[in-house]
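# Close look at the chain arrangement
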Amino acid sequence: MRRVAVLVLIGSCLVQGASLTLDQFRQMTPSDQEKMARRYTQRDRDDFWRVEGFKYQVRAQGSSEQALEIALLMDEFYDSFARTFKGGFSIATQPRLYVFADRDAYLEFMKVRDVDGAEPTGGMYLTSDRLLVTFAKATDEHLKQMLFHEATHQLLHTYTVKRSLPPWYNEGMATNFQLWEPSRSLRENVRMAIIESHYRSQVAAEAREGKLPDLQALAAMDGDDWLENFDGANYAAAWSFVNFLLSSEDGQRRLDRVLRALKKGTPVEKVMPPAVVRKLERQWHEDIRTRLMLYDEFIAPALHAASEGQVDEAIAHLEVGIAGHPSLPDGRFYRARLLLEKDRFAEALADLEAVAEQDADFPDLHLLLGRAALAAGDPAKARSHLQTHLRSHRDDQQAKELLREANRTLRTATRPAG
Ligand SMILES: [Zn+2]
């Protein structure tokens, strides 16, 4: 009897693809991974493993485990990408991804299809077939970046069937989303993209010389103009403009509206007329002079110094950034993180409370406030912040552990002596 019940339980878990996460899959033993992969994949006649029941249709030449792992990765990416659009995002056709076993097989496939320029690439999105093609393994960070970049093109293209996307939108989104981590919130991803993207220092270097990107020229470019002026400066400008739009709710709504207009077949100029472009350009330039510069000149170098063990120097460096950009909470947030590393809890707590006054929703703020308050000897305050954090991060084990510790400390403190 008992054996039957267990089997039924496993069976019901397996029917829903969404109930399995990439993390869970990666933590399984190789033999469990193999069993799980057999459940979700089918062998096609051309020796590809095909994954069923996911948002992405993945076909992999290597193994059924690889097919399932990539399908799980792409589904998490799809969900995270779709959440960016406040008006919702859904497409009628299932996006397809082929994963060849090696580079030779990949290049052979491209040759048969007459695709030029595949040699230096690790993958490509073929617009004519709406097909994403790659080779090798999804655990590799470069491959993941390429997949997320090309998948952004694929999803945007599949969504806006009626009108081609302006290149600033298409490449600006792809260069931001290539650094996406699906488990993070939109705000955390936007912040990490500015820390991790090499385009940041390119835009900052130009701005220091007084050259700010021209939005009117960028917005006027079509696909052919983009290819004719194929250089890193266009990509850097598109990356920066989209990062700026993604960083505020107004900007997110703007991106949403442009995409919806394109889907209906409305020209972009209808939702971004010249007066709006001029206004957006002013706001974007201000964002470059403040937020982008704070990250380029202070936060990114401080994080780098801290990773090399020079935490005191990093804290001193951030000091200058905070003084120069007092309206932005980001510098204080990073200084607080470093102060916690140095066990300077009271100062960290003061920094974080200042951040909370400027922006109570700053990503991970309440987790850090909880940590700092607990270490600074205020378990009641710690508990309150950790509970706030856990409302939006239900599975955060670190926060749960800190909350248990805060509760333990509170119980000990209220117990009568003796
Ligand atoms: Zn691209």
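Definitions and cut-offs
- Residues numbered from 1 in each chain as written.
- Predicted model: local features only at pLDDT ≥ 70, side-chain atom pairs only at ≥ 80, totals over all residues.
- Helix = DSSP H or I, 4+ residues; strand = E, 2+ residues; numbered from the N terminus.
- Rg over C-alpha atoms; globule rule 2.2 N^0.38 Å.
- Buried ≥ 20, exposed ≤ 12 C-beta atoms within 10 Å, placed from the backbone.
- Contact = placed C-beta atoms within 7 Å.
- pLDDT = per-residue confidence, 0-100.
- Axes fitted to C-alpha atoms, helices over the stretch in contact; angles between N-to-C directions.
- Parallel < 35°, antiparallel > 145°, perpendicular 65-115°, else oblique.
- Nonpolar A, V, L, I, M, F, W, Y, C, P; charged D, E, K, R; others polar.
- Domains from an automatic or database assignment.
- Left-handed = near helix turned anticlockwise from the far one by under 90°.
- Expected span 1.5 Å × (residues − 1).
- Arc of directions from axis to C-beta.
- Core = buried A, V, L, I, M, F, W, Y, C linked by C-beta atoms within 7 Å.

## Concerning the overall build of the protein chain
A count of helices and strands for the protein chain gives 21 helices and six strands. Expected size for 418 residues packed as a compact globule is a radius of gyration near 22 Å; at 24 Å, the protein chain falls within 12% of this value. Viewed in the frame of its principal axes, the protein chain has a C-alpha envelope of about 80 × 75 × 40 Å. By residue count, 37% of the 418 residues in the protein chain fall in the buried class. Counting contacts in the protein chain only where the partners sit at least 6 residues apart, residues at least 24 apart contribute 58% of the total.

## Notes on the confidence of the model for the protein chain
Within the protein chain, residue pLDDT values average 91, and 94% of them lie at 70 or more. Looking over the protein chain, one finds the lowest element-wise mean pLDDT in helix 1 (residues 2-15), namely 41, and the highest in helix 15 (residues 274-307), namely 97. The low-confidence segment residues 1-17, where pLDDT is below 50, has five contacts with residues more than four positions distant or belonging to other chains.

## A short note on the packing of helix 15 against helix 17 (residues 330-341)
Close contact between helix 15 and helix 17 brings their axes to 11 Å; oriented N to C, the two are set at 10 degrees. Of the possible angle classes, the one that applies to helix 15 and helix 17 is roughly parallel. In contact with L294, F298, I299, A302, L303 and A306 of helix 15, helix 17 contributes D330, G331, Y334 and L338. Class assignment of the residues belonging to the contact of helix 15 with helix 17 gives a composition of eight nonpolar, one polar and one charged.

## Observations regarding the domain arrangement of the protein chain
As far as domains go, the protein chain holds domain 1 (1-159) and domain 2 (184-328). Relative placement of domain 1 and domain 2: their C-alpha centres are 30 Å apart. Each partner contributes residues to the interface: domain 1 has six residues there, and domain 2 has seven residues.

## Quick notes on the packing of helix 20 (residues 379-392) against helix 21 (residues 397-414)
Relative orientation and spacing of two packed helices are given, respectively, by the angle between their axes and the distance between those axes. Running from amino to carboxyl end, helix 20 crosses helix 21 at an angle of 150 degrees, the nearest separation of the two axes being 9 Å. On the basis of the axis angle, helix 20 is roughly antiparallel to helix 21. When you trace helix 20 past helix 21, the crossing you get is left-handed. Only A399, L402, L403, A406, N407, T409 and L410 of helix 21 make contact with helix 20, whose side of the interface consists of P379, A380, A382, R383, L386, H389 and L390. Looking at the contact of helix 20 with helix 21 residue by residue, the class counts come to ten nonpolar, three polar and one charged.

## Focus on helix 7 (residues 167-177)
Of all the eleven residues making up helix 7, eleven are buried; the element is thus mostly covered by neighbouring parts of the structure. Turning to helix 7, its buried residues number three or more, namely P167, W168, Y169, N170, E171, G172, M173, A174, T175, N176 and F177.

## Examining helix 13 (residues 249-264)
Note that an α-helix has 3.6 residues per turn; residues three or four places apart therefore point the same way. Between its first and last C-alpha atoms helix 13 spans 23 Å; for 16 residues at 1.5 Å apiece the expected length is 22 Å, and the two agree. Among the residues making up helix 13, those that are buried are G251, V258, L259 and L262. Summarising the axial view, the buried residues of helix 13 lie within an arc of 95 degrees, below the 170-degree limit, and thus occupy one face. Facing away from the buried side of helix 13 by over 90 degrees, the exposed positions are E249, D250 and K264. Elements in contact with the buried residues of helix 13: helix 6 (141-159), helix 7, helix 12 (232-246) and helix 14 (268-271). Residue G265 follows helix 13 closely and has a positive phi angle near 95 degrees.

## Focus on the nonpolar core
Among the nonpolar cores identified, the biggest contains 100 residues, and V58 and F241 are the most heavily contacted of them. For this core, the leading source of residues is helix 15, giving eleven residues. In this structure, this core is formed jointly by two domains, domain 1 (1-159) and domain 2 (184-328), each of which donates at least three residues. Ignoring anything within four residues of it in the chain, the contact list for F241 reads W168, G172, L215, L218 and W284.

## Details of the environment of R291
Topologically, R291 is positioned in helix 15. Spatially, the C-alpha atoms of R291 and I194 are 9.4 Å apart, while their sequence positions differ by 97 residues.

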